[in-house]
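Spelled out, the chains give:
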Amino acid sequence: MVDQPADNRPTEAAPNAAAGAVPDAASDAAADARFHALLRSLRVWDCELPAIDPDPAHAPAHPLPLFRQWLREAAEAGVPEPHTMTLATAGASGDPDVRTVMLHDADARGWHFATHRGSRKGRELAARPRAALGFYWPALGRQVRVRGAVTEAGPEESAADLHRRSTGALAAALVGRQSDELASYAELERASEAAWEHARREPDAPVPSWTLYVLAPDEVEFFQGDARRRHVRLQYRREDDGWTRGLLWP
């Protein structure tokens, strides 16, 4: 058993004498206990949350205006990077995959994001052109979930999307090889330095693999958290003649 100091704060277990030795059961148990204590100490929504009208009939007829309003309110509330989102895809095997990417636009066609066509997510979208998005704005206790079919926007629009971005974004795109194995960090440094010079010298440099994707939603959910766990979950579902709106149990 690991000794604890008088004030009951946990201490780090002493490292094993032999380098690379497998920790013993007592050390594992102590590490587990510290981690569990950390999790239990964390709090969610330790702030005043906004209230929303829970009547679906009072919500906009389409999800896009409400999404734009919520993203603007998240930015105004000081949420860092409110335009970042979780992107979930699945490949031919059906195994799920997830990562955080940047929202490039949201319009009548859908939610826009971009990547290299040959990256892991690009390959997965080629095999299964459907995806799900997740936004989380903790300062407001809000989430938005989006799910639907994904299509490529085309080479001209993809190029325009890339060249509206920063020099650093263009340099990263010029480096390419996203998700490929990297032999050493030094190799990345060399490629990145060359790409930065290329991007500065040629701000309209083409990157044929860069692809803008558009997710056309068939389902959008707006989640407003409540401190008493009486969350409002407003769901939009696309039907042949437009959108239906309804509530979900928390």
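Fair warning: this is a prediction, and the values are worked out from it, not measured in the lab.

## As for helix α3 (residues 120–127)
All buried positions along α3 are accounted for by Lys121, Gly122, Glu124 and Leu125. Take α3 and look down its axis: the buried residues cluster within an arc of 165°, on one side only. Contacts made by the buried residues of α3 are with β1 (84–90), β2 (96–102), β4 (111–116), β5 (130–137), β6 (142–152) and β7 (210–224).

## Observations regarding a nonpolar patch on the surface
On the surface, a cluster of nonpolar side chains totalling about 390 Å² of accessible area is made up of Phe35, Leu38, Leu39 and Leu42. Structurally, the position occupied by Leu42 is in the loop between α1 (25–41) and α2 (63–76). On the basis of relative accessible area, Leu42 is assigned to the exposed category, the value being 51%.

## Structural notes on helix α4 (residues 155–163)
Regarding α4, the residues found buried are Ser158, Asp161 and Leu162. Projection of α4 onto a plane perpendicular to its axis shows the buried side chains occupying an angular sector of 95°, all on one side. Buried residues along α4 sit in contact with β4, α5 (167–175) and β7.

## Brief notes about unusual backbone geometry
If you check the backbone angles, Glu81 has positive phi at about 50° while not being a glycine. Within the fold, Glu81 resides in the loop between α2 and β1. In this structure Glu81 comes out as exposed when scored by relative accessible area, which is 53%.

## Describing the packing of aromatic side chains
Counted according to the given criterion, the structure contains nine aromatic pairs. Each ring, one from Phe113 and one from Tyr213, has its centre 5.6 Å from the other, and the planes form 20°; the classification is stacked. In this pair, Phe113 sits in strand β4 while Tyr213 sits in strand β7, placing the two residues 100 residues apart along the sequence. The exposure class of Tyr213 is buried, given its relative accessible area of 3%. Aromatic pair Phe222 and Tyr236: ring centres 5.7 Å apart, planes at 70°, arrangement edge-to-face. Remark: Tyr236 occurs in strand β8 (residues 232–239) and Phe222 occurs in strand β7; sequence separation between them is 14 residues. Neither residue differs from the other here; Phe222 and Tyr236 are each classed as buried. Through pairs of rings, three or more aromatic residues link up here, namely Phe67, Trp111, Phe135 and Trp137. The positively charged end of Arg142 is found above the aromatic ring belonging to Trp70, 4.2 Å away from the centroid.

## A few points about the pairing of β5
Residues Ala131, Leu133, Phe135 and Trp137 line the buried face of β5, whereas the alternating positions Arg130, Ala132, Gly134 and Tyr136 sit on a face that is not buried. Two elements, β1 and β5, share three bridges in a ladder whose sense is antiparallel. The residue of β5 that forms the bridge with Ala88 is Ala132. Here eight bridges tie β5 to β6, and the two strands are oriented antiparallel to one another. Each residue of the ladder has a partner; that of Leu133, found in β6, is Val146. Count of turn residues in the β5/β6 antiparallel hairpin: four residues, of which Gly141 carries a positive phi of about 65°.

## A few points about the nonpolar core
Formed by 31 residues in total, the largest nonpolar core has its most connected members in Phe67, Trp111, Phe113, Phe135, Trp137, Val144 and Phe222. When residues of this core are assigned to their parent elements, the largest contribution, six residues, is made by α2. The contacts of Phe113, once residues within four sequence positions are left out, are Met85, Leu87, Val101, Met102, His104, Leu125, Val150, Thr211, Leu212, Tyr213 and Leu215. In terms of nonpolar packing, the next biggest core, distinct from the first, is built from ten residues, Leu170, Ala171, Ala173 and Trp210 among them.

Each value, and the rule that gives it
- Residues numbered from 1 in each chain as written.
- Predicted model: local features only at pLDDT ≥ 70, side-chain atom pairs only at ≥ 80, totals over all residues.
- Heavy atoms only, no water.
- Buried < 20%, exposed > 50% of the residue type's maximum accessible area, 1.4 Å probe, protein only.
- Helix = DSSP H or I, 4+ residues; strand = E, 2+ residues; numbered from the N terminus.
- Arc of directions from axis to C-beta.
- Contact = heavy atoms within 4.5 Å.
- Patch = residues over 30% accessible without salt bridge, like charges linked within 9 Å, V, L, I, M, F, W, Y side chains within 5 Å.
- Areas by Shrake-Rupley, 256 points an atom, 1.4 Å probe, with all protein chains shown as cover.
- Salt bridge = Lys/Arg side-chain N within 4 Å of Asp/Glu carboxyl O.
- Phe/Tyr/Trp six-rings, centres within 6.5 Å; stacked < 30°, edge-to-face > 60°.
- Lys NZ or Arg CZ within 6 Å of the ring centre and 35° of its normal.
- Pairing = 2+ DSSP bridges.
- Core = buried A, V, L, I, M, F, W, Y, C linked by side-chain atoms within 4.5 Å.

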